[in-house]
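Residue-level structure breakdown
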2 protein chains.
Amino acid sequence: MDARSVLRHSFYLFSAVLLTLFTLSILSSPPSHKAELPDCAPHSSLCHASKNSIYSKRPAFLQTPTEHIRRRHSAAVPLHPLDPLTVTEMNRVKEIIQKHELFINKAYSLHSVVLEEPEKQAVLRWRKGNPLPPRKAAVVARIGGASLVLTVDFGSGEVVRHETGQASGYPTMTVEDMTSATWAPLASADFNRTVVARGVDLSDLACLPLSTGWFGKNEENRRLVKVQCYTTEGTANFYMRPIEGLTVVVDLDSHEILEITEKGKDIPIPNAANTDYRFTAQNSYQRLVNPISLEQPKGPSFTVEDNHLVKWANWEFHLKPDPRAGVIISRAMVRDPWTGDMRDVMYKGLTSELFVPYMDPTDAWYFKTYMDAGEYGFGLQAMPLDPLNDCPRNAHYMDGVFAAADGTPYVRSSMVCVFESYAGDIAWRHAESPITGMEIREVRPKVTLVVRMAASVANYDYIVDWEFQTDGLIRIKVGLSGILMVKGSTYSNTNQVNNEEDLYGTLLSENVIGVIHDHFITFYLDMDVDGANNSFVKVNLQREYASPAESPRMSYLKALRKVAKTEKDAQVKINIHDPSEFHIVNPTKKTKVGNPIGYKLVPGGTAVNLLDPNDPPQQRGAFTNNQIWVTPYNASEQWAGGEFVSQSHGDDTLQMWSNRDRGIEKKDIVVWYTLGFHHVPCQEDFPIMPTVSSSFDLKPVNFFESNPILNIPPNFVNDLPVCKADASA
Amino acid sequence: MDARSVLRHSFYLFSAVLLTLFTLSILSSPPSHKAELPDCAPHSSLCHASKNSIYSKRPAFLQTPTEHIRRRHSAAVPLHPLDPLTVTEMNRVKEIIQKHELFINKAYSLHSVVLEEPEKQAVLRWRKGNPLPPRKAAVVARIGGASLVLTVDFGSGEVVRHETGQASGYPTMTVEDMTSATWAPLASADFNRTVVARGVDLSDLACLPLSTGWFGKNEENRRLVKVQCYTTEGTANFYMRPIEGLTVVVDLDSHEILEITEKGKDIPIPNAANTDYRFTAQNSYQRLVNPISLEQPKGPSFTVEDNHLVKWANWEFHLKPDPRAGVIISRAMVRDPWTGDMRDVMYKGLTSELFVPYMDPTDAWYFKTYMDAGEYGFGLQAMPLDPLNDCPRNAHYMDGVFAAADGTPYVRSSMVCVFESYAGDIAWRHAESPITGMEIREVRPKVTLVVRMAASVANYDYIVDWEFQTDGLIRIKVGLSGILMVKGSTYSNTNQVNNEEDLYGTLLSENVIGVIHDHFITFYLDMDVDGANNSFVKVNLQREYASPAESPRMSYLKALRKVAKTEKDAQVKINIHDPSEFHIVNPTKKTKVGNPIGYKLVPGGTAVNLLDPNDPPQQRGAFTNNQIWVTPYNASEQWAGGEFVSQSHGDDTLQMWSNRDRGIEKKDIVVWYTLGFHHVPCQEDFPIMPTVSSSFDLKPVNFFESNPILNIPPNFVNDLPVCKADASA
């Protein structure tokens, strides 16, 4: 009881500080979106379990937005064919469904309620001022043990059920699935006894719903989750205090406890000391640097029209939050500086799937092979961004509107931000050297536009940036921060360890092991380079030999262009010892001097998945078998791990689709790229990880006739702001 | 004459604009270093040739700094054992040498006059307030056809000549070598006739001194340069107007013309249209974004003590310009947040060598296999940075002091800048997910310190950044911008080309081919991780199999640590299909839980050199045969291509040193890393290239007990500045 009251007081203190910060920040910052603590909503199953935990009163995902935000969203109407479902539309889905024969008098849960995007051609044809194509919702529901994929037509009120075939797997968990699973074990006296035996007060318990993966019949025919728990005693960073080895298998539909495994009896729970990362929990702080801020005396250069259309410099694109992908960028177009025309670059780009296998074969760890988008919802886990820290001043914030399990819409405020960035970098430069002595020094600063979200999939935080450059380049960057998933251990020093490799990781602190793991983030990139008709070209650099008669030089490199005819030609394992450029060209369009108009995918942050291709997790994660894939556009192929990923057998992955080896030349094609990270934890990752980032680029290559930013001006001093310190500082 | 007067007027106009900009910028910007146009200095050979070119009156490398700067440098005294030679010391070298028997009554040229750094132990022992170790100069001179390596002792006045052995090659060209070579061909009536026959007015000629490389006896026993020329008619961007195929071989010592080759008679000189990149040369400009600026209401957080000691946040390092390396970072130390101690990270880091082979075996191109540091002087080519554009507001600028060929010191003003950067990025973050519902959102902004220089090695601009992070990471980044080295061509459209591969590049514009080339930039990193006694450890990630009895999982990755015993163990060809981490550890020091204290080199921007190892250019560039090397510390092994690189045979490279296979375990070791770029030009690179960057990191790995920036504060709104637009804007 003592610990509980310490925590409660900490919470009050923390809330008070937050409120103070909020009050301060509202004075001059962009629209703030501090959520009020919600009432326990009637449709939520959480209220029942809420007695058991310090945090149960705050189901943050159902936050009630401020009146201002609520009013804005209630009044919202779709203005673009790709606009996400509005609050009104979601309520209409709920209404239609409740009256439909499939649902009447049945218990059901909705696992996804999003816009069913109109056909690509209809979107491409649409111009502002035109009526919108018919609005429809794509709904994934569970009714009586079946997963249904439905289209709900707002006009006709019709509900169409789609054949899902024999594909294995289950829909994305609802947040209600996840939260209710975390309470489920408490219904078991055995579980409670075990927890107490490990020295943990039940009131300090914090549990996580871990997707089980699929390893055979144990993970078939039932929707499962494995629950593992931690103690919150003495720290907000309960992730560092695992009750190691205790795993509870729960049926997600019945909430039945199927199995309790206790393999950690002898493993102490690591200490709370030095684990809390909150500012208010520090005894002292180090101010290492003076304040620094991105300032724009004339304000930002971008606008967000009609809620979702971002216009900045020479770029324009449609931006929306999505419960599964996090963020979807659509219809990205760049202005040609000579013709003034907006030219297509990418029809749609999104985070399709993540695959995060941990590298420990033991009982409590082997199954940790997460697919965060399809299992947890990458967007569902994206929390409100922190103004001035997650995004700089002058950022614009966009809310997500998602559906709860019963279909009720809720607002995830400030889920995405858009801002301009300037790091002091150089867009292009040339100074004449002392050799020529010409007095030339021409330098142009580099300013970019960043679209950011940050998903907190339990412990880990993924920061996803789409960064647009005025020279036509798009950089897609993923930053990893947050908290490691750690393993409790009897070891307090490596000198107690016979064979360090058998730790499956690094001893980070006394009794804490950071387990080795990989992160793969697979992007869906429906490139439309100056139109939808594209080809994929590998420009391979090969060593050539010159004869002695021909040249004093023995060897040089030649660029050999090879157009990929079919999907298998475009299954690329990147090898720096056999380098290529990867072009997406429009074979029907050429520059004035005759080069095919194109963009190239510039790999970066490449880590290869080394799991055995026949390993069950790798069958499911087979979309990481190659770093690049190209498929013909198919509206149903968007999620690299399949439509239903939880417990899937890998029968609906990008690998499977690509094996069909369809033609991809002169077609509307989709390019897939996987960023990868091998993560061998180190002590600096404890108790919270400094951000590690990787990125790849989409870069114009003979897309423009020449440098498209030749005639941008340099910075002049009187364009820059005049600043002083805040008088209240 | 008409063209000449147009150019003259352009120049006046441009100068006037520059002066206006300068006047505007001086009002509120950091110390400005606009150079006055110098008189034709008496020691310069340029005056004689100056009649022949529009730019000959402006030997920018000998710029006379403003009175203020001149006074500062005249008064400078060394305050740290690693401080570069002062103006006074350089004058003293000149004085001592002139009186020395080796030099008396002889024609000589000085190719390098820099500090001879004291022994490492003496530097490590030195503390502020101690007397400096004896100051000495390291001098490379040419006298009577011989290259001399000398030590000049300021105390004793003694000159020691060092044995240079049988190593091939010549010292770095002096800027006088380079500029005089560009005039040499004009002495030939044949050359002049050829130029005129190609339709170029001699007064429009701009020529470049191109290092010849080494391909056998043609490049032996004489110091050579190949001169190729361009026309400046109608554009400041003469690089886009090559007189293709015309090559003049010049003896650098005698200025004798050895050979004139004309293989381009039928190749037109490309048009001037759309090539000029200067702001003043644009008919119109596009302002794509509103002004944006990094603002620091309390000023920057760093100081530069005693001219060269940079202190910022938890970092401290010595910084100096260098004529060959560009920038040298020494004694980089980071503060341990728990003990408060400054801990060693890197004793010395620098750009050791560049290798830039072009991929065209034909007569006018095969030899283009540049080594920009050893041949041209990477620092000699680094021009003054442009405030507000090369570096943001609040940057600190550092001048270089270099010696002309006769030993006279001159100031390269604002050659290096130091600034703080904030791009809106995140140092670390965690928000609690909707699963737990805890109200936590902790985010810390990421602020870094950047040290920057930009070398303009004729056409190309290399931007080199050393970026320090508060979490202990050092990022070393190279940006490429500037202007392509292009090839004139008869083609105006690719449809005229039978086999595009035989272009050896890309048709960028009518009659302009961008030739394929590589850039390799090799860094010398004398790591002293918590002391000089270090080992190099490969942490190899290998697939392991679990038996079915052991785990439902089939495969996982294990991290196997392997300590490199000798140099050959540490010749690393990076292979993403067999991934490793590369640790530099202090084997005598462990963290509290027993991990070896270390830093890791995190590769990035890896491009493999694919030339045949026996190709003469690749023998010289053999230091790029591996991406990572480790050698035992040896003060004489600093330049990866050898002390004398021009026309070297590759007998003094890092490959040769490493082949000795010396022990590197528990030793003072030096790590070498090569960043690489394959560059297949595209039209966007015309007429000036948007910057392309790559980087690699030095990252603490179990160096700190835990996250060293756990207790830094977030941004609060009243810490940030209050800004408005400049009233004069």
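Keep in mind that what you see is a predicted model, and the values were worked out from it rather than measured. (Residues numbered from 1 in each chain as written. Chains lettered and ligands numbered in written order. Predicted model: local features only at pLDDT ≥ 70, side-chain atom pairs only at ≥ 80, totals over all residues. Heavy atoms only, no water.)

Of the transformation superimposing chain B on chain A, the axial component is 0.0 Å and the angular component is 180°, with the fit at an RMSD of 0.0 Å. A rotation of that kind, with that shift, is consistent with a two-fold axis. (Least-squares fit on C-alpha atoms with pLDDT ≥ 70 in both.)

For the rest of this paragraph, the subject is the pairing of strand 33 (residues 689-701) of chain B. On any regular strand, side chains alternate: one points to one face of the sheet, the next to the other face. Residues and elements named next belong to chain B. With respect to burial, strand 33 is a largely interior element, 10 of its 13 residues being buried. Here strand 22 (residues 474-482) runs beside strand 33; their pairing, made up of 8 bridges, is antiparallel. When the bridges of strand 33 are listed, V478 appears paired with S694. Note that strand 30 (residues 596-602) and strand 33 share 5 bridges and pair antiparallel. In the sheet register, V602 faces strand 33, and the bridge partner there is D697. (Buried < 20%, exposed > 50% of the residue type's maximum accessible area, 1.4 Å probe, protein only. Helix = DSSP H or I, 4+ residues; strand = E, 2+ residues; numbered from the N terminus. Pairing = 2+ DSSP bridges.)

As a further point, take the pairing of strand 30 of chain B. All names here are of chain B. Among the 7 residues in strand 30, 6 count as buried, and that is most of the element. Sheet analysis places strand 29 (residues 580-590) next to strand 30, joined by 6 bridges and oriented antiparallel. Bridge pairing in strand 30 places H583 opposite K600. Counted between consecutive antiparallel strands, the loop separating strand 29 from strand 30 contains 5 residues, among which G594 sits at a positive phi close to 100°.

Taken together, the contact pairs 205 residues of chain B with 207 residues of chain A. Contact between chain B and chain A buries roughly 18700 Å² in total, counting both sides, with carbon and sulfur atoms accounting for 59%. Contact with chain A buries surface across chain B, with I292, I435 and R553 of chain B losing the most and accounting together for 5% of the total. A salt bridge links K558 of chain A to D502 of chain B; the nearest nitrogen and oxygen atoms lie 3.2 Å apart. One can count 108 residue pairs in polar contact (both at pLDDT 80 or more) joining chain B with chain A. Examining the composition of the side of chain B that touches chain A, we find that 7 residues originate from one element, strand 33 of chain B, more than from any other. Considering only residue class, the side of chain B that touches chain A consists of 109 nonpolar, 52 polar and 44 charged. In the sheet, strand 9 (residues 293-295) of chain A pairs with strand 9 (residues 293-295) of chain B via 3 bridges, with the strands oriented antiparallel. Directly across from E295 of chain A, in strand 9 of chain B, lies its bridge partner S293 of chain B. (Contact = heavy atoms within 4.5 Å. Buried area = accessible area lost by both parts, 1.4 Å probe. Salt bridge = Lys/Arg side-chain N within 4 Å of Asp/Glu carboxyl O. Polar contact = N/O pair within 3.5 Å; in protein donor to acceptor, adjacent residues only side chain to side chain. Nonpolar A, V, L, I, M, F, W, Y, C, P; charged D, E, K, R; others polar.)

If you trace the backbone, N595 of chain B turns up in the loop between strand 29 and strand 30. A distance of 2.7 Å separates a polar side-chain atom of N595 of chain B from the backbone oxygen of L507 of chain A. Apart from residues lying up to four places away in sequence, N595 of chain B is in contact with T494, E500, T506, L507 and Q683 of chain A together with K589, K590 and N702 of chain B.

Attention shifts here to the pattern of salt bridges. Opposite charge on two side chains permits pairing when their charged atoms draw close. All names here are of chain A. Enumeration over the complete set of coordinates arrives at 91 salt bridges over all chains. D528 is the partner of K120 in a salt bridge, and the nearest nitrogen-oxygen pair spans 3.0 Å. In this pair, K120 is assigned in helix 5 (residues 120-125) and D528 in the loop between strand 26 (517-527) and strand 27 (533-545), connecting sequence segments 408 residues apart. For the pair K120 and D528, one class covers both residues: buried. Among the salt bridges present, the one from E637 reaches R660, with a minimum N-O distance of 2.6 Å.

All right, on to the packing of aromatic side chains then. Both the distance between ring centres and the angle between the ring planes are used here to describe each pair of aromatic rings. Residue and element names in this part refer to chain A. Under the counting rule described, the total for this entry stands at 56 aromatic pairs over all chains. Through pairs of rings, three or more aromatic residues link up here, namely Y358, W365, Y370 and Y376. Seen from the ring of F703, R343 lies directly overhead, with NZ or CZ sitting 3.9 Å from the centre. Positioned above the aromatic ring of W365 is the side chain of K368, whose terminal nitrogen or guanidinium carbon lies 3.4 Å from the ring centre. (Phe/Tyr/Trp six-rings, centres within 6.5 Å; stacked < 30°, edge-to-face > 60°. Lys NZ or Arg CZ within 6 Å of the ring centre and 35° of its normal.)

Our next topic: the UniProt feature "modified residue: 2',4',5'-topaquinone" (unreviewed entry) in chain A. Under the local residue numbering, the UniProt record ascribes the feature "modified residue: 2',4',5'-topaquinone" (unreviewed entry) to Y460 of chain A. The residues touching Y460 of chain A, leaving out its near neighbours within four places in the chain, are Y358, A455, L480, S481, I483, L484, H517, H519, H679 and M689 of chain A. (UniProt positions renumbered as here; feature names shortened; annotations may be inferred.)

The next thing to look at is the state of the cysteines. All names here are of chain B. Tallying each qualifying case throughout the model produces 5 disulfides over all chains. One disulfide bridge connects C391 with C417, the sulfur atoms lying 2.1 Å from each other. Measuring handedness by torsion sign, the sulfur bridge of C391 and C417 sits at about -95° and is left-handed. Linking C391 in the loop between helix 8 (372-376) and strand 16 (396-403) with C417 in strand 17 (residues 409-421), this pair joins segments that are 26 residues apart in sequence. For the residue pair C391 and C417, the accessibility class agrees, reading buried in each case. (Disulfide = S-S within 2.5 Å.)

A separate point is the environment of A141 of chain A. As for its placement among the helices and strands, A141 of chain A is situated in strand 2 (residues 136-143). With 265 residues separating them in the primary sequence, A141 of chain A and D406 of chain A have C-alpha atoms 9.7 Å apart.

On to the environment of D612 of chain A, then. Positionally, D612 of chain A belongs in the loop between strand 30 (596-602) and helix 9 (616-620). We classify D612 of chain A as buried; its relative accessible area is 10%. Residues D612 of chain A and N625 of chain A lie 13 residues apart in sequence; the distance between their C-alpha atoms is 9.8 Å. At a separation of 2.8 Å, a polar atom in the side chain of D612 of chain A contacts the main-chain amide nitrogen of N614 of chain A. Here Y545 of chain B takes part through its side chain, which lies 2.4 Å from a polar atom of the side chain of D612 of chain A.

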